[in-house]
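Given next are the chains, with one letter for each unit.
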Amino acid sequence: MSVPAVKKRIALSNSRIDLHRCPHYFREKVLRKITTLNGQEAERGLWIHSYLQEYVNHLLNTGQRADFAFAATLFDRMWIERPMVPELKQELWNLSVGYARSTEFDVERIVDAELAIDLDWDLNIVPKEKRDEIWFRARLDLLSFADEGVAIVEDYKSSWRIMPEGELKEDLQAKIYAWAIFHIYEWVHTVKVRFRFVRHKKTTQVIFTRDEVAYVERTLREISDQIEARVAQGLDNDKAWPTQPGDVCNYCPIRCPLARKLEATDQVIQDASHAKRIAEEYVALSRTYDKHQKLLKSWIDVHGPIGVNDKIVGYFPESKRCYDGKTIVDTLMGNQYDVTGLYNVTSTSMEEFIKKYPETYGLFKANTTEKAQTKFAIGNPEDVVTDIEKQPKAKKSKKKGETTHAGEQSQSEPVS
Ligand code: SF4
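Keep in mind that this is a model prediction, so the values were computed, not measured.

A. A look at the site of the ligand. In the vicinity of the ligand, the contacting residues are Cys 22, His 24, Tyr 25, Thr 243, Gln 244, Pro 245, Val 248, Cys 249, Cys 252, Ile 254 and Cys 256. Partitioning the shell around the ligand into residue classes produces eight nonpolar, three polar and no charged.

B. Quick peek at the nonpolar core. Among the nonpolar cores identified, the biggest contains 46 residues, and Phe 136, Trp 179, Ile 181, Val 191 and Val 193 are the most heavily contacted of them. With eight residues, the top contributor of residues to this core is helix α7 (residues 172-184). Residue contacts for Phe 136: discarding those within four places in its chain leaves Leu 12, Ser 13, Asn 14, Ile 17, Ile 117, Asp 118, Leu 119, Ile 176, Trp 179 and Leu 220. Core analysis: the second largest hydrophobic core is formed by 27 residues, Tyr 51, Phe 75, Leu 88 and Ala 100 among them.

C. Main features of the packing of α7 against helix α9 (residues 216-233). Two numbers describe how α7 lies on α9: the axes approach to 10 Å, and their chain directions differ by 120°. Between α7 and α9, the interaxial angle falls into the category oblique. α9 is crossed by α7, and the crossing has left-handed handedness. For the pair α7 and α9, contact is made by Leu 172, Lys 175, Ile 176 and Trp 179 and by Val 216, Glu 217, Thr 219, Leu 220 and Ile 223, respectively. Within the contact of α7 with α9, the residues separate by chemical class into six nonpolar, one polar and two charged.

D. Main features of the pairing of strand β4 (residues 150-157). Most of β4 is tucked away, with eight of its eight residues classed as buried. Across four bridges, strand β3 (residues 136-145) lies against β4 in antiparallel orientation. Paired with Leu 142 across the strands is Glu 154, a residue of β4. Linking β3 to β4, which pair antiparallel, is a turn of four residues; within it Gly 149 sits at a positive phi near 80°. Bridge count for β4 against strand β5 (residues 190-197) is eight bridges, and the pairing is parallel. Paired with Val 153 across the two strands is Val 193, which belongs to β5.

E. Molecular detail of the pairing of strand β2 (residues 110-119). Counting buried residues in β2 gives seven out of 10 residues, a clear majority hidden from the surface. Sheet topology note: the β2/β3 ladder contains eight bridges and is antiparallel. Counterpart to Asp 112 in the pairing with β3 is Leu 143.

F. Molecular detail of the pattern of salt bridges. Summed over all chains, the structure comprises 25 salt bridges. With a closest N to O distance of 2.8 Å, Lys 326 and Asp 330 form a salt bridge. One end of the pair is Lys 326 and the other is Asp 330, both in helix α11 (residues 325-334) and four residues apart, which spans about a single turn. The exposed category is assigned to Lys 326, whose relative accessible area is 60%. Accessibility expressed as a relative area gives 42% for Asp 330, which makes it partly exposed.

G. Molecular detail of the environment of Ala 178. For Ala 178, the position within the fold is in helix α7. For Ala 178, a relative accessible area of 0% translates into the label buried. Not counting residues up to four positions away in its chain, the partners in contact with Ala 178 are Val 191, Val 193, Phe 208 and Val 213.

H. Representation of the packing of helix α4 (residues 68-81) against helix α5 (residues 89-102) within the structure. Interhelical geometry of α4 versus α5 gives an angle of 150° and a closest axis separation of 9 Å. Compared by their axis directions, α4 and α5 come out roughly antiparallel. Classified by chirality, the crossing of α5 by α4 is right-handed. For the pair α4 and α5, contact is made by Phe 68, Ala 71, Ala 72, Phe 75 and Trp 79 and by Lys 89, Leu 92, Trp 93, Ser 96, Val 97, Ala 100 and Arg 101, respectively. Residue composition of the contact of α4 with α5, by class: nine nonpolar, one polar and two charged.

Parameters and conventions
Residues numbered from 1 in each chain as written. Predicted model: local features only at pLDDT ≥ 70, side-chain atom pairs only at ≥ 80, totals over all residues. Heavy atoms only, no water. Near = heavy atom within 4 Å. Nonpolar A, V, L, I, M, F, W, Y, C, P; charged D, E, K, R; others polar. Core = buried A, V, L, I, M, F, W, Y, C linked by side-chain atoms within 4.5 Å. Buried < 20%, exposed > 50% of the residue type's maximum accessible area, 1.4 Å probe, protein only. Helix = DSSP H or I, 4+ residues; strand = E, 2+ residues; numbered from the N terminus. Contact = heavy atoms within 4.5 Å. Axes fitted to C-alpha atoms, helices over the stretch in contact; angles between N-to-C directions. Parallel < 35°, antiparallel > 145°, perpendicular 65-115°, else oblique. Left-handed = near helix turned anticlockwise from the far one by under 90°. Pairing = 2+ DSSP bridges. Salt bridge = Lys/Arg side-chain N within 4 Å of Asp/Glu carboxyl O.

In structure tokens form, the structure reads like this:
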């Protein structure tokens, strides 16, 4: 793919770089600016960022580490100024006020809340009045300086999944933050990057040195070259903008051509006929899902797991609890317990029983074993069973050509 010599390049940012993991999504969102994407979904993240930005600025102005009363007042005001669908109100409250009230901000060390580092192609800082020269923008939610030469960059995340440390250390977005700080502060020798998962009130942190992220500049230029080369092939040329499923699908709200435009992008069901259409799509999707799963199982049983960008389809280890129900019930009856409700010993019936008779906990524990098994799913490459011999053996079902799997306890769920 060749790159035009003199031309203004498409301005990039850490979030745009992330979107380009799927070129199709990048084209729809960044270049075509399709606003019929799931607006509420995108707005939710922006809403939380704006809320926390204003909240932290208030703390910085008043020198407080937390302000519970202001957290609630700010929510009420923002809800009037930037209303969302009523169904999101409770969730937004939890993500904003709930998070603010569970956290203290280190205001003595924070130097900026919502800092934008704008660079041109030669990596010079672009002043505000020359915005059209920006080639790359790194936007940081919080910047603090700790000990001498140590900077802390923090980013708010409203995702359901908490990124573990090992993954964050390899995350390009985290590396871009560190690289941008090293670039503009020559005296910084260490950058701590923290992702604040506001939904779970948990933070993951990784530490970078200058050498570890020096290559990020080259990566950004390469991605920029790829995007320019795609643009040169034409916006309407679908082949230049392929779909590339992976982690990015978790928050992609567009109607993906891969899913044959069947997935729901609606936020709420409006009426009965709308509900019927969603139900029809649900049924059609579940059939497609089952069919794909069956086909893939037959292939993977013989050839092993299949990588799909940063995800993998295959078998994943899981453990199942098995109870020796007969011994448990016989022992309890022998000790004159009322075992009504323990006709089937399951996690739920066991918990209920132990709540009523806490002294029986030891009996249940002694008669419970963990059984290792596998489940078919989409997951991370480091977790998949790669040894074909350790996958469950397929056996012929009654219907010609279909396979079932020994030890399969339940429908597998996609892991996001
Ligand atoms: S769902 Fe995934 S593959 Fe489809 S367009 Fe979105 S990011 Fe790309």
